[in-house]
Amino acid sequence: MNGLAERIRFAVQRRGQHSEVAVLAGIPVRTLSRYINGKSGVPSAKLRKLAEVCGVSTDWLLTGVGDPAPDDFRPHDAISGALDHELFGRLVDAVFRLYQEERVMLAPIDLGRIASRKYAEIIAATADPEERGAMIKLIVTQLRAEIRAAKAEPGTGKASA
């Protein structure tokens, strides 16, 4: 494999579905496609996250030298399993309803960004399905407080929430 884009493509295909990898890495699917096609440079933080999600070393992604996944390298526990579609769907729905209730406009891409970031937090925090459900309520409460604080401060908006 000659280039970074080719190694990213290999790692993503090995890990699973393109869209799932994008969600777990907190990268829009369109952006991941640009990385894979070599049409966009990859910021170092995104490269590290992609390596983590795909279970490969960052060094291998950058240079192609060595084993893509040495025996002592393990993907982060937060992303070691497949995407829990039920949990993710419940989280997206909860965030969407919250923003509607608070009467704050939320673009679909922002909904996806918030949900994927919060999904990763939930997965990293616990493996217990009941606790994960409870965490959705906690996240909604936290987001509500952030939205209301942003509304109360002049000159701020949803971007700070």
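Throughout what follows, the structure given in this document is the object of discussion. Every value quoted in this text rests on a predicted model; they were computed, and no experiment measured them.

1. A look at the packing of aromatic side chains
Scanning the entire structure with this criterion turns up two aromatic pairs. Judged by centre distance (5.5 Å) and plane angle (85°), the rings of Phe88 and Tyr119 are edge-to-face. Taken together, the residues span a long stretch of sequence, with Phe88 in helix H6 (residues 85-101) and Tyr119 in helix H7 (residues 108-125) at a distance of 31 residues. Pair check on accessibility: Phe88 and Tyr119 agree, each one buried.

2. Considerations on helix H4 (residues 44-54)
When we look at burial in H4, the residues that qualify are Leu47, Leu50, Ala51, Val53 and Cys54. Down the axis of H4, the smallest arc covering the buried residues is 165°, so these residues share one side. Buried positions along H4 lie against helix H1 (4-15), helix H2 (18-25), helix H3 (29-36) and helix H5 (58-63). A positive backbone phi angle near 70° is found at Gly55, which sits one or two residues after H4.

3. Notes on the packing of H2 against H3
Between H2 and H3, the shortest axis-to-axis distance is 9 Å and the interhelical angle comes to 110°. With respect to each other, H2 and H3 are oriented roughly perpendicular. Along the contact surface, H2 presents His18, Ser19, Val21 and Ala22, while H3 presents Val29, Leu32, Ser33 and Ile36. For the contact of H2 with H3, a count of residues per class yields five nonpolar, three polar and no charged.

Conventions used here
- Residues numbered from 1 in each chain as written.
- Predicted model: local features only at pLDDT ≥ 70, side-chain atom pairs only at ≥ 80, totals over all residues.
- Heavy atoms only, no water.
- Phe/Tyr/Trp six-rings, centres within 6.5 Å; stacked < 30°, edge-to-face > 60°.
- Helix = DSSP H or I, 4+ residues; strand = E, 2+ residues; numbered from the N terminus.
- Buried < 20%, exposed > 50% of the residue type's maximum accessible area, 1.4 Å probe, protein only.
- Arc of directions from axis to C-beta.
- Contact = heavy atoms within 4.5 Å.
- Axes fitted to C-alpha atoms, helices over the stretch in contact; angles between N-to-C directions.
- Parallel < 35°, antiparallel > 145°, perpendicular 65-115°, else oblique.
- Nonpolar A, V, L, I, M, F, W, Y, C, P; charged D, E, K, R; others polar.

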